[in-house]
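Each chain, written out:
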Amino acid sequence: MPTAVVSPAVSTKKIILLRPRGFCAGVVRAIDVVKIALDLYGAPIYVRKEIVHNRHVVDELRGAGAIFVEELSEVPLGARVIFSAHGVSPSVRAEAKERKLQVIDATCPLVTKVHLEAVKFARKGYTIVLIGHKDHDEVIGTLGEAPKATVLVSDVHDVDRLELSDPEHVAYITQTTLSLDETSDVVARLKQRFPKIQGPAAQDICYATENRQVAVKAVVPMCQTLLVVGSQNSSNSRRLVEVCEKMGVPAYLIDDMSEVRREWLEGVDTVALTAGASAPENLVQDLIGSLQARGFEDLEEVEIKEEDVRFNLPSELARTVQLQPVARL
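Keep in mind that what you see is a predicted model, and the values were worked out from it rather than measured.

Visitor: Lay out the side chain of E138 with the relevant residues and their values.
Guide: Within the secondary structure, E138 sits in helix α5 (residues 137–143). Of note is the side chain of E138, whose polar atom sits 2.8 Å from the backbone nitrogen of T176. Apart from residues no more than four positions distant in its own chain, E138 is found in contact with H86, V111, T174, Q175, T176 and T177.

Visitor: Lay out the sheet that holds strand β10 (residues 251–254) with the relevant residues and their values.
Guide: Taken in spatial order, the 5 strands of this open sheet run β10-β9-β11-β1-β12, and their pairing is parallel. Whereas interior strands pair on both sides, the edge strands pair on one side only; in this sheet they are β10 and β12 (298–303). In this sheet, neighbouring strand axes are inclined to one another by 25° on average, regardless of whether the strands run parallel or antiparallel. Across 5 bridges, the pairing between strand β9 (residues 225–229) and strand β11 (residues 270–275) is parallel. Paired with L226 across the strands is A272, a residue of β11. Against the sheet, helix α8 (residues 207–219) makes contact with β1 (14–19), β9 and β11, and its axis sits at roughly 150° relative to β1, the strand it touches most.

Visitor: Which residues make up the packing of helix α1 (residues 25–41) against helix α2 (residues 55–64), and what values go with them?
Guide: Axis separation between α1 and α2 bottoms out at 11 Å; the angle between their running directions is 10°. It follows from the interaxial angle that α1 and α2 lie roughly parallel. Judged by residue contacts, I31, V34, K35 and L38 of α1 engage V57, E60, L61 and A64 from α2. Taken together, the residues of the contact of α1 with α2 break down into 6 nonpolar, no polar and 2 charged.

Visitor: Lay out the sheet that holds strand β7 (residues 150–153) with the relevant residues and their values.
Guide: The 3 strands are arranged β7-β6-β8 in an open sheet whose pairing can be described as parallel. Each having just a single partner strand, β7 and β8 (170–174) make up the two edges of the open sheet. Strand-to-strand twist across the sheet, computed as the mean angle between neighbouring axes with direction ignored, equals 25°. As judged from the 4 bridges shared by strand β6 (residues 127–131) and β7, these two strands associate in the parallel manner. By the bridge assignment, I131 is partnered in β7 with V153. On top of the sheet, helix α4 (residues 109–123) reaches β6 and β8; it is set at about 170° to β8, its chief contact. Helix-sheet contacts for helix α7 (residues 180–193) involve β6, β7 and β8, and the interaxial angle to β6 is about 155°.

Visitor: Which residues make up the layout of surface pockets, and what are the values?
Guide: Computed from the structure, the largest pocket encloses a volume of approximately 360 Å³. Taken together, 21 residues line the largest pocket, and the ones lying closest to its centre are P20, R21, F23, R212 and E307. At the level of elements, α1, α8 and β12 are the ones that each hand at least two residues to the lining of the largest pocket. Residue composition of the lining of the largest pocket, grouped by class: 9 nonpolar, 1 polar and 11 charged.

Visitor: Got a sec to walk through α1? Specific residues and values, please.
Guide: Residues spaced three or four apart along an α-helix face the same direction, because each turn holds 3.6 residues. For α1, which comprises 17 residues, the first-to-last C-alpha distance of 24 Å matches the rise-based estimate of 24 Å (1.5 Å per residue) to within 8%. Within α1, the full set of buried residues consists of A25, G26, V27, R29, A30, I31, V33, V34, A37 and L38. Following α1 by one or two positions, G42 adopts a phi angle in the positive range, close to 80°.

Visitor: Hey, could you go over helix α10 (residues 281–293) for me, with residue numbers and the actual values?
Guide: Counted at 1.5 Å a residue, the expected span for α10 with its 13 residues is 18 Å, and the 19 Å between its end C-alpha atoms agrees. For α10, the full list of buried residues reads L283, V284, L287, I288, S290 and L291. Down the axis of α10, the buried side of the element spans an arc of 165°, and every buried residue falls inside it. Of the surrounding elements, those touching the buried residues of α10 are β1, α2, β9, β10, β11 and β12. Within two residues after α10, G295 carries a phi angle of roughly 105°, on the positive side.

What counts, and at which threshold
Residues numbered from 1 in each chain as written. Predicted model: local features only at pLDDT ≥ 70, side-chain atom pairs only at ≥ 80, totals over all residues. Heavy atoms only, no water. Helix = DSSP H or I, 4+ residues; strand = E, 2+ residues; numbered from the N terminus. Polar contact = N/O pair within 3.5 Å; in protein donor to acceptor, adjacent residues only side chain to side chain. Contact = heavy atoms within 4.5 Å. Pairing = 2+ DSSP bridges. Axes fitted to C-alpha atoms, helices over the stretch in contact; angles between N-to-C directions. Parallel < 35°, antiparallel > 145°, perpendicular 65-115°, else oblique. Nonpolar A, V, L, I, M, F, W, Y, C, P; charged D, E, K, R; others polar. 1 Å grid on protein atoms, 1.4 Å probe; cavity = no way out; pocket = protein on both sides within 12 Å on 5 of 7 lines; lining within 4 Å. Points joined across faces, edges and corners; volume = space filled by probe spheres on them. Expected span 1.5 Å × (residues − 1). Buried < 20%, exposed > 50% of the residue type's maximum accessible area, 1.4 Å probe, protein only. Arc of directions from axis to C-beta.

In C-alpha cells, the structure reads:
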C-alpha cells in the first residue's frame, strides 16, 4: 500500500495594516494652507517652525517654495507668514503685528481649543496645570497664553512635587498628542492632590491621537512587531510606539522604509503597520511594498474606527479663495 505524502504547510508572513492611520484633519488643513498660499501668492511663502512634524512633508513644501524659519525675525518686514499647526503664543502674534507681517494661521482648531481654555481659566483666577512635554512647539504656545498662571507637568512624579499657593483654585489642560493612559494617570493624581480641580468640558487629547492609540492596542495581541511611520519629533507618533511597548510588543518609529532594520523582522511572522497623524500615506505604501519583498505577502487592513472629521480653511485664506474668479471652459 503506497504511503501518503503530506506536503508541509506553507507559512505566509503577514502585514496587519491599521486604520485609521496617517494624516488627521488638522494636518490636512495645515498642508493645504501652505499649498493654497503658494498657488495664490507664489513663492516665497514663509512658515514659522515646521508646519507639521514630518520631515518628508516639510521637504516637499520647501521644494515648492515654502521657506521655513525658526523665528519671525528671519521673515522680511511685511512678508506673508504661516503659523504652524502647533500654534503660537500671544507674544508671537504681537511680534507679527509689529513687523506688519501678513499672517495666515494654520493652528489646528483642537489646539486653539486648548489655548482658549487656558485663557478662560486664567481669567477666573485659577492656577493652570498644563500636562505636556517641555519644549514641544504646542506646549510652548499654550504656556504663552497665561505664563504667570501656568505650571507644566509631564508625569505623576511632577504632580507629586507641585506646591501651589491656592490649592482650592486649580484647573488642568493638556497637550493634544499625549498618551491616553499616562494622561489619565496624571489627571487621577491631580484629582487626589487637588479635589476641587477643574478640567476641560471635553478632553484635550485630539480624536486622531486617541483613535490611533486605540487601534494599536487592538492589534497588539495579533502581531509580534509594530512599525510606526512618522518622524522622531512627532509627539503622537512616539506615543504609538510607547503604547505598543508597554503591552510587551517591540515597536519602532521610522521616517520611511529605508530605516527598517533586518534584525527587527527576524523570527517575525506578523508585523503591524500604522502611521502617525502627520505621516503621508505614500510612505506607508512604500513600506508595504518593501515588506512584501521581504516575504510578508499577506496583507490585511483592520479598521478600528472610521474618521470623517474635516476643518475649514483659516478665515484669512478662505476669504481670498472665495474672491478668486471661477475659470470658464
